[in-house]
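Secondary and tertiary structure notes
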Amino acid sequence: MSNKHLGHTARKRFGQNFLHDEYIIDKIVSAIGPKHDDNIVEIGPGLGALTEPVAELVDSFTVIELDRDLAARLRSHPFIRDKLTVVEQDALKFDFSQLRQSQKKIRVFGNLPYNISTPLMFHLFKYCEHIQDMHFMLQHEVVQRLCAKSGSKLYGRLSVMAQYYCSAVPVVMVPPSAFKPAPKVDSAVVRLSPRSLPQYAVSSVASLQTIVTAAFNQRRKTIRNSLKNLLSEVQIVALDIDPDSRAEQITIAQFAKLANASHKASQAPSHEPSHKVAQEISSHDPRHSD
Ligand code: SAM
């Protein structure tokens, strides 16, 4: 099948799979539900499959597009250019807090380039206090992992960290045939709604990342073993958590408790080894190991 769509040759390195199925596009736009005065930003507008119908519903919005040719096309779009602020930049490096308008949080959406979707979501989680909601097209399996609960095979680091920040709900299933070129995998749109109050009190998000990474890096081991450099069996039992559990059985609330205990231990001078290991694990970029 040709990789050309609307006169543009899709660039693999930018994860370009363009939506062309009007029925699916309508379903996605309805799931987003844009209101005319929303403070909206689209990541990766591409050839405008979602941008055009959303532009019909809102007064104005911002789009962030890395591909120079596509950004130029949008700037000169015959019908919607006056409504768009086109930011030609890498969304992974964009400071989303600058889009916050005093009373209005940001609504983010995008059919994300799949090669950077996980680091991009982690980048956005840092701006959760400024975000009302996010709708993202992702690989179906990534959506399943984002929404997975403890006890499921798909429950992992991505599930815990995403659900610490947001509630996650799948909203639209999308077959490969809806895209040009068609990807090899099924896709789905997820709605992520940042929690207004952190549901699980964590004294240090870095400690949560460290604990979760250590537990899921050795997911077949019991947490007595996988967390042994961070917490002793006695410390785990004191939290009312079974040290024979495996990572996938630990709920987010329990991970929060483990993170707080590990953080506290790492602050105490007598627990220098735990502290050292915690630092070593967190200095390894956890975004790429789910
Ligand atoms: N929204 C369009 C659609 O649904 O047909 C295009 C989606 S395509 C899967 C992903 C889009 O993200 C492309 O337009 C690509 O150029 C853009 N993109 C890729 N990497 C990006 C990045 N780091 N920052 C911003 N945009 C990026």
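Notes on the structure in this doc start here. (Residues numbered from 1 in each chain as written. Predicted model: local features only at pLDDT ≥ 70, side-chain atom pairs only at ≥ 80, totals over all residues. Heavy atoms only, no water.)

The next point concerns the overall build of the protein. Within the protein, the regular secondary structure consists of 11 helices and 11 strands. Computed over C-alpha atoms, the radius of gyration of the protein comes to 21 Å, within 12% of the 19 Å expected from 2.2 N^0.38 for 290 residues, which places it in the range of a compact globule. Residue burial in the protein is summarised as follows: out of 290 residues, 51% are buried. At a minimum sequence separation of 6, the contacts of the protein that also span at least 24 residues come to 67%. Side chains of the protein carry 35 positive and 29 negative charges; the gap between the two charge centres is 4 Å. (Helix = DSSP H or I, 4+ residues; strand = E, 2+ residues; numbered from the N terminus. Rg over C-alpha atoms; globule rule 2.2 N^0.38 Å. Buried < 20%, exposed > 50% of the residue type's maximum accessible area, 1.4 Å probe, protein only. Contact = heavy atoms within 4.5 Å. Lys, Arg positive; Asp, Glu negative; His and termini not counted. Charge placed at Lys NZ, Arg CZ, Asp CG, Glu CD.)

Attention now moves to helix H1 (residues 22–32). Since one α-helical turn is 3.6 residues long, residues separated by three or four positions face the same way. Of all the residues in H1, the buried ones are Ile24, Ile25, Ile28, Val29, Ala31 and Ile32. The buried residues of H1 occupy one face: seen down the axis, they fall within an arc of 160 degrees. Facing away from the buried side of H1 by more than 90 degrees, the exposed set consists of Glu22, Tyr23 and Ser30. The secondary structure elements touched by the buried residues of H1 are strand S3 (18–19), helix H2 (51–57), strand S7 (106–111), strand S8 (131–139), strand S9 (166–174) and strand S11 (187–194). Measuring from the backbone nitrogen of Tyr23 back to the side-chain oxygen at the start of H1 gives 3.0 Å, which picks out Asp21 as the cap. Remark: Gly33 follows H1 within two positions and exhibits a positive phi of approximately 60 degrees. (Arc of directions from axis to C-beta. Polar contact = N/O pair within 3.5 Å; in protein donor to acceptor, adjacent residues only side chain to side chain.)

In this section: empty space enclosed by the protein. Evaluation of the coordinates by the stated rule reveals one cavity of 30 Å³ or more. In this structure, the largest cavity encloses a volume near 40 Å³. Lining the largest cavity are Ile28, Ile32, Leu50, Phe109, Gly110, Asn111, His135, Phe136, Met137 and Val189. Elements represented by at least two residues in the lining of the largest cavity include exactly H1, S7 and S8. Looking at the lining of the largest cavity residue by residue, the classes come out as seven nonpolar, three polar and no charged. (1 Å grid on protein atoms, 1.4 Å probe; cavity = no way out; pocket = protein on both sides within 12 Å on 5 of 7 lines; lining within 4 Å. Points joined across faces, edges and corners; volume = space filled by probe spheres on them. Nonpolar A, V, L, I, M, F, W, Y, C, P; charged D, E, K, R; others polar.)

Space inside the largest pocket adds up to approximately 630 Å³. Along the walls of the largest pocket sit 39 residues, with Phe18, Gly44, Pro45, Gly46 and Asn111 positioned nearest its centre. At the level of elements, S3, H1, strand S4 (40–43) and H2 are the ones that each hand at least two residues to the lining of the largest pocket. Of all the elements, H1 adds the most residues to the lining of the largest pocket, at three residues. Grouping the constituent residues of the lining of the largest pocket by class yields 21 nonpolar, 11 polar and seven charged. Tallied by class, the residues present in the lining of the second largest pocket amount to six nonpolar, six polar and three charged.

Another aspect to go through is the sheet that holds S9. In a beta sheet, neighbouring strands are held together by backbone hydrogen bonds and run either parallel or antiparallel to one another. If you walk across this open sheet you meet the seven strands as S6-S5-S4-S7-S8-S11-S9, and the pairing is mixed. Looking along the sheet, the strands with just one partner apiece sit at the ends: strand S6 (84–87) and S9. Each neighbouring strand pair of the sheet contributes to a mean axis angle of 20 degrees, computed without reference to strand direction. As paired strands, S4 and strand S5 (residues 61–64) are joined by three bridges and run parallel to one another. Bridging from a neighbouring strand, Val41 pairs with Thr62 of S5. (Pairing = 2+ DSSP bridges. Axes fitted to C-alpha atoms, helices over the stretch in contact; angles between N-to-C directions.)

Taken together, 23 residues sit near the ligand, with Leu19, Gly44, Glu65, Asp90 and Asn111 positioned nearest. Between the ligand and the protein, one listed contact pairs a nitrogen atom with a backbone N or O atom of Pro45 at 3.3 Å. Here a nitrogen atom of the ligand sits 2.9 Å away from a polar atom, N or O, in the main chain of Ala91. Protein contacts shield 98% of the accessible area of the ligand, which totals 590 Å² for the unbound molecule. (Near = heavy atom within 4 Å. Areas by Shrake-Rupley, 256 points an atom, 1.4 Å probe, with all protein chains shown as cover.)

A separate point is the pattern of salt bridges. All chains considered together, the criterion is met by 10 salt bridges. Notably, a salt bridge pairs Arg11 with Asp67, separated by 2.7 Å at the nearest N-O pair. Separated by 56 residues along the polypeptide, Arg11 in the loop between strand S2 (8–9) and S3 and Asp67 in the loop between S5 and helix H3 (68–75) bring together distant segments of the chain. When its relative accessible area of 24% is taken as the criterion, Arg11 is described as partly exposed. Overall, the relative accessible area of 1% leaves Asp67 in the buried class. Across the pair Arg224 and Glu233 runs a salt bridge, and its minimum N-O distance is 3.0 Å. Classification of Glu233 by relative accessible area gives partly exposed; the value is 39%. (Salt bridge = Lys/Arg side-chain N within 4 Å of Asp/Glu carboxyl O.)

That is the geometry; function is a separate question.
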